Amino acid sequence: MKLVMKFGGTSVGSGINIRRVAGLVTEYAKDNKIVVVVSALAGVTNSLIETSYHAQKSDEKHIQTFTANLLTKHTDAIKEAITSKAIQKEVIDITVKSIAELEKILTGICYISELTPKSKDYVMSFGERLSAPIVWGAIKDHNVQAQWFTGKDAGIVTDSNFGDADPLMNYTSHLVRERLSPLLEKGIIPIVTGFIAANQDGIVTTVGRGGSDYTSTILGVALQADEVWIWTDVDGIMTTDPKIVPSAKMLPQLSYQEATEMAIFGAKAMHPRALGPVSKANIPVRIRNTANPKNHGTLITKEPQSGVTEAAKAVAIIKDVAMLNVYGAAMVGAPGSYAKVFEVLGRNGINVMMISAAASEANISLIIKRDLLGRAISSLEIALQEHGGIISEVTTEDDVAVIAIIGANMKGTLGVASKIFSTVAKKGINIHMIAQGSSELNISFVVKEKDGVAVVQTIHEEFNLDKI
Ligand code: ADP
Ligand code: ASP
Ligand code: MG
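Quick caveat, the model's predicted, so the values are computed rather than measured. (Residues numbered from 1 in each chain as written. Chains lettered and ligands numbered in written order. Predicted model: local features only at pLDDT ≥ 70, side-chain atom pairs only at ≥ 80, totals over all residues. Heavy atoms only, no water.)

Undergrad: Teacher, can you tell me more about the overall build of the chain here?
TA: Within the chain, the regular secondary structure consists of 15 helices and 17 strands. Taking 468 residues into account, the globule formula puts the C-alpha radius of gyration at 23 Å, and the chain, at 23 Å, falls close to it. When each of the 468 residues of the chain is scored for burial, the buried share is 51%. Partitioning the contacts of the chain with sequence separation of at least 6, the portion at a separation of at least 24 is 77%. In the form shown here, the chain has an accessible surface area of approximately 20,100 Å², with 52% of it arising from carbon and sulfur atoms. (Helix = DSSP H or I, 4+ residues; strand = E, 2+ residues; numbered from the N terminus. Rg over C-alpha atoms; globule rule 2.2 N^0.38 Å. Buried < 20%, exposed > 50% of the residue type's maximum accessible area, 1.4 Å probe, protein only. Contact = heavy atoms within 4.5 Å. Areas by Shrake-Rupley, 256 points an atom, 1.4 Å probe, with all protein chains shown as cover.)

Have a look at this one:
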């Protein structure tokens, strides 16, 4: 089989784990053609972002401490993951060079006190640029031929939406095939950095947080792989986050649609757009556990699992969101007034995750990412001044969370919503907003963030999700 295998941050979080990854890859490579996609070592992307903000505030001292720690972290991993001294040296040389380049960039940001989405992408790209060579070295350590690439060098070309770019799929497929297929034919394993790519001008872009998943499906489609395997630190996609409900069960099979809903609604198990390319090409995706390779994980295909009749399959929580309530008596019956609100938000790059409108039309409530709240309020306020009358007031709640219940069989099943809401009411928890996607694959609602975990636990229990 031709397989793209992606290893997440936790799977490459330490030298020991990287050895395990190299073991898995070389084992599967005996009978299959494998392309490997790697994330940054766990925690590194977050620390790069944090340091770029320090740099923007001209905190030069922080940069040096950070790069020194980064070098130690990676050299420790190299020494643990690779036994051959020669290969160790080769990888350390690459690491030292990359970190020197990163230090220059951070210092540049420091001097001009300016961090743009473009320069932030460049900084973030170093996480994967540092991890991929270690995985490469660990695979070579097994006497298996491998070659590492940045996403850009592998041929992934995206639009210029820095921080959340999308691939130009036709062009990417052409380049990726040209560059990686000859290696696969020769039995050489390509190792590609996840998350990072480049725009048409060759400037580094990233495809959104958790984006290595997306990289793996992009490569899967480009190379017409038989399957894409996403290796992580849990057995597969579960009925809810096992960190919230330890008895959560693994779901053996999900449809692309169900898994996408789960990814959108905070099942961190996957990047929300990752299934776009593969669902069109009908390439199955598996989520598997690096620490438990005997388990076959969750298989994601076109059809939901047959024989499963339960309406609800999973419950997810998205934190870090905020609710915007837009009021305006003049919205009632005024054609295009909703469109105006969405146009203003869209123009300012604010993605609306959930919408609910009162029948009176005098108000709409929207859920957006919490860190975009300031931008949303200010842009609506400007619009309010320009188009006085339509919007009279904007209020916000920034301490909320979205809870989503997902399952393909909810379509047409009576009473699911009432069961959900009475369960929440019994706990004495107030629901602030409700929405149901037209696909009827999910019902989502908003509660105060402090109540979120309790709501997930009680719904998981009430719907017997651990008995699925
Ligand atoms: P990786 O580093 O492999 O990309 P992530 O941290 O992005 O891993 O995603 C895996 C984590 O997602 C798990 O450790 C788990 O806590 C969390 N998670 C949240 N919801 C779910 C779910 N429904 N099923 C599985 N994992 C989930
Ligand atoms: N390293 C990136 C992130 O933390 C991409 C990924 O891990 O998938 O978002
Ligand atoms: Mg992830």
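So much for the structure itself; the text now carries on.
Undergrad: In this structure, what is going on with the site of ligand 2? I would like to understand it.
TA: Every residue near ligand 2 is listed here: Ser39, Ala40, Thr45, Glu128, Phe195, Arg209, Gly210, Gly211 and Ser212. For ligand 2, whose free accessible area comes to 260 Å², the fraction covered by protein is 87%. In terms of residue class, the shell around ligand 2 is built from two nonpolar, five polar and two charged. (Near = heavy atom within 4 Å. Nonpolar A, V, L, I, M, F, W, Y, C, P; charged D, E, K, R; others polar.)

Undergrad: Looking at this structure, I do not really get the site of ligand 1. What am I missing?
TA: Around ligand 1 sit 18 residues in total, of which Thr232, Asp233, Met238, Asp241 and Lys268 are the nearest. The separation between an oxygen atom of ligand 1 and a polar side-chain atom of Asp233 is 2.9 Å. Within the contact set of ligand 1, an oxygen atom lies 2.9 Å away from a side-chain nitrogen or oxygen of Lys243. Computed on the free molecule, ligand 1 has an accessible area of 560 Å², of which 90% lies beneath the protein chains in the complex. Its residues assigned to classes, the shell around ligand 1 shows seven nonpolar, six polar and five charged. (Polar contact = N/O pair within 3.5 Å; in protein donor to acceptor, adjacent residues only side chain to side chain.)

Undergrad: So what exactly am I meant to see when it comes to the environment of Val447 here?
TA: Of note, Val447 is situated in strand 17 (residues 442–448). For Val447, a relative accessible area of 0% puts it in the buried group.

Undergrad: Honestly, the packing of aromatic side chains in this entry has me stumped. Any pointers?
TA: Geometry of an aromatic ring pair is reported as the spacing of the ring centres plus the angle between the planes. Scanning the model with the defined rule gives six aromatic pairs in all. Between Trp229 and Trp231, the ring centres sit 6.1 Å apart and the planes meet at 70°, which makes this aromatic pair edge-to-face. The buried category is assigned to Trp229, whose relative accessible area is 6%. Judged by its relative accessible area of 0%, Trp231 is buried. Summarising the aromatic geometry, the rings of Phe421 and Phe445 are spaced 5.7 Å apart at their centres and angled 75° between planes, so their arrangement reads as edge-to-face. Residue Phe421 is found in helix 14 (residues 416–426), and its partner Phe445 is found in strand 17; the two are separated by 24 residues along the sequence. The rings of Phe7, Tyr28, Trp229 and Trp231 are connected pair by pair, giving a single aromatic cluster. A cation over a ring is seen here: Arg288 above Trp229, with NZ or CZ 4.7 Å from the ring centre. (Phe/Tyr/Trp six-rings, centres within 6.5 Å; stacked < 30°, edge-to-face > 60°. Lys NZ or Arg CZ within 6 Å of the ring centre and 35° of its normal.)

Undergrad: I keep staring at the sheet that holds strand 4 (residues 157–158) and nothing clicks. Help me out?
TA: Two orientations exist for strands paired in a sheet by backbone hydrogen bonds: parallel and antiparallel. Reading across from one edge, 4-6-7 is the order of the three strands in this open sheet, with mixed pairing throughout. Strands with a single pairing partner mark the edges of an open sheet, and in this sheet they are strand 4 and strand 7 (204–206). Two elements, strand 4 and strand 6 (residues 196–199), share two bridges in a ladder whose sense is parallel. Bridge pairing in strand 6 links Thr158 to Asn199. (Pairing = 2+ DSSP bridges.)

Undergrad: Explain helix 14 here, please?
TA: Turn by turn, an α-helix covers 3.6 residues, leaving residues three or four places apart pointing in a common direction. Looking only at helix 14, the buried set comprises Val416, Ile420, Thr423 and Val424. The buried residues of helix 14 occupy an angular sector of 95° when the element is viewed end-on, so they sit on one face. On the buried face of helix 14, the contacting elements are strand 15 (393–406), strand 17 and helix 15 (449–462). Trailing helix 14 by a residue or two, Gly428 shows a phi angle of about 75°, which is positive. (Arc of directions from axis to C-beta.)

Undergrad: Quick question: what am I supposed to make of the pattern of salt bridges here?
TA: Pairs can form between side chains of opposite charge once their charged atoms are near each other. In total, this model carries 16 salt bridges according to the counting rule given. Residues Lys6 and Asp213 are paired through a salt bridge, measuring 2.6 Å at the closest nitrogen-oxygen approach. Here Asp213 lies in helix 9 (residues 212–222) and Lys6 lies in strand 1 (residues 2–7), a separation of 207 residues in the sequence. Relative accessible area serves as the criterion here: at 3%, Asp213 is assigned to the buried category. Between Lys340 and Glu343 there is a salt bridge whose closest N-O contact spans 3.1 Å. Linking Lys340 with Glu343, this pair stays in helix 12 (residues 337–347), spanning three residues, or about one helical turn. Given the relative accessible area of 38%, Glu343 is considered partly exposed. (Salt bridge = Lys/Arg side-chain N within 4 Å of Asp/Glu carboxyl O.)

Undergrad: In this structure, what is going on with the pairing of strand 14 (residues 363–369)? I would like to understand it.
TA: Consecutive residues of a regular strand have side chains that alternate between opposite faces of the sheet. For strand 14, the buried fraction is high: six of the seven residues fall into the buried class. Relative to strand 14, strand 13 (residues 354–357) is paired through four bridges, and the arrangement is antiparallel. Bridge assignment links Ser356 to a residue of strand 14, and that residue is Ser365.

So yeah, pure geometry; function would need other evidence.
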